[in-house]
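Residue-level listing of the chains:
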Amino acid sequence: MSVLPLREYPDPVLHQKCAPILKIDDALRTLASDMLETMYADRGVGLAAPQIGLSKRIIVIDAEQKEDENGHHQKGNPMCLINPEIIYKSEETIFFCEGCLSVPGQSADVERYQKIKVRYQDISGLVKEIEAEDYLAVVLQHEIDHLDGILYIDHLSRLKRNMLLKKLEKARSEQTK
Ligand code: NI
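Description of the structure in this document. Since we're looking at a predicted model, the values are computed, not measured.

Some points on the coordination of the nickel ion
The nickel ion binds to the protein through C100 (SG), H142 (NE2) and H146 (NE2), with metal-donor distances spanning 2.1 to 2.3 Å. Taken in sequence order, the residues that donate to the nickel ion follow the motif C-x41-H-x3-H. Here H142 and its partner H146 are both found in helix α2 (residues 134–147), four residues apart, which amounts to about one turn of the helix. The buried category is assigned to H146, whose relative accessible area is 1%.

The structure is reproduced here in structure tokens:
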């Protein structure tokens, strides 16, 4: 397994619509474990293929990871979703403060569906469905958006988005000083 380098805004690969995955084989299974390892190494809750430069419809998430009382990271429920598709969206929406490994150090409130149902293929190719609400629903919507070239900042008003991008630019220029 290996930790892969992350792509950050404004890398064009983050703005592309990803292609469906047609073959679920050992190479894809290796990719999925590398993506999970990369996600954990960077303390992410989810990771989508464009974030490691691949325009393919695969995401990994772990919405149940924690830190124990000694501050040690503990894996929760790692999941890999291939060709995920939202097949139900609730009318009710929620606001949640989101961040993204590809927009480092920033966060903002985003409106999402409170409850969704997602159809996907698992790592052995089986078609499955998952019902998710609140936090898990937010994580899934954020990652599935990545597969359509959408970042959470694209859901913000132009004013809020520009303010956030200015802060990102400032943080980056301070880093390189
Ligand atoms: Ni993200």
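The rest of the description comes next.
Topic: unusual backbone geometry
Here the amide bond leading from Y9 into P10 is cis, since omega sits at 5°, within 30 degrees of zero. Relative to the helices and strands, P10 resides in the segment before α1 (26–41). Despite not being glycine, R43 has its phi angle at roughly 60°, a positive value. The topology assignment puts R43 in the loop between α1 and β1 (46–48).

As for the pairing of strand β9 (residues 127–133)
As defined by bridge partners, strand β8 (residues 115–121) adjoins β9 across seven bridges and the pair is classed as antiparallel. Looking at the pairing, V118 lines up with I130 of β9. Linkage of β8 to β9, two consecutive antiparallel strands, is achieved through a turn of five residues, within which G125 is found at a positive phi near 95°.

Here we look at α2
Helix length check: α2 (14 residues) gives 21 Å between terminal C-alpha atoms against 20 Å at 1.5 Å per residue, within 8%. Most of α2 sits out of view: 11 of its 14 residues are buried. Here α2 has its buried residues at A137, V138, V139, L140, Q141, H142, E143, I144, D145, H146 and L147. Positive backbone phi, approximately 75°, marks G149, located one or two places after α2.

Section: the pattern of salt bridges
By the definition in use, this model includes 14 salt bridges. Between R112 and E98 there is a salt bridge; the shortest N-O distance is 2.8 Å. Here R112, found in strand β7 (residues 108–113), pairs with E98, found in strand β6 (residues 93–98); they are 14 residues apart in sequence, far enough to count as distant. In this pair, the class of R112 matches that of E98, namely buried. Of the charged contacts in the structure, one is a salt bridge between E131 and K117, with a shortest N-O distance of 3.9 Å. Placement of E131 in strand β9 and of K117 in strand β8 is noted, with a sequence separation of 14 residues between them. By relative accessible area, E131 is classed as exposed at 55%. On the accessibility criterion, K117 (26% relative accessible area) is partly exposed.

What counts and how
- Residues numbered from 1 in each chain as written.
- Predicted model: local features only at pLDDT ≥ 70, side-chain atom pairs only at ≥ 80, totals over all residues.
- Heavy atoms only, no water.
- Donors = N, O, S within 2.8 Å, 3.2 Å for Na, K, Ca; no water.
- Helix = DSSP H or I, 4+ residues; strand = E, 2+ residues; numbered from the N terminus.
- Buried < 20%, exposed > 50% of the residue type's maximum accessible area, 1.4 Å probe, protein only.
- Pairing = 2+ DSSP bridges.
- Expected span 1.5 Å × (residues − 1).
- Salt bridge = Lys/Arg side-chain N within 4 Å of Asp/Glu carboxyl O.

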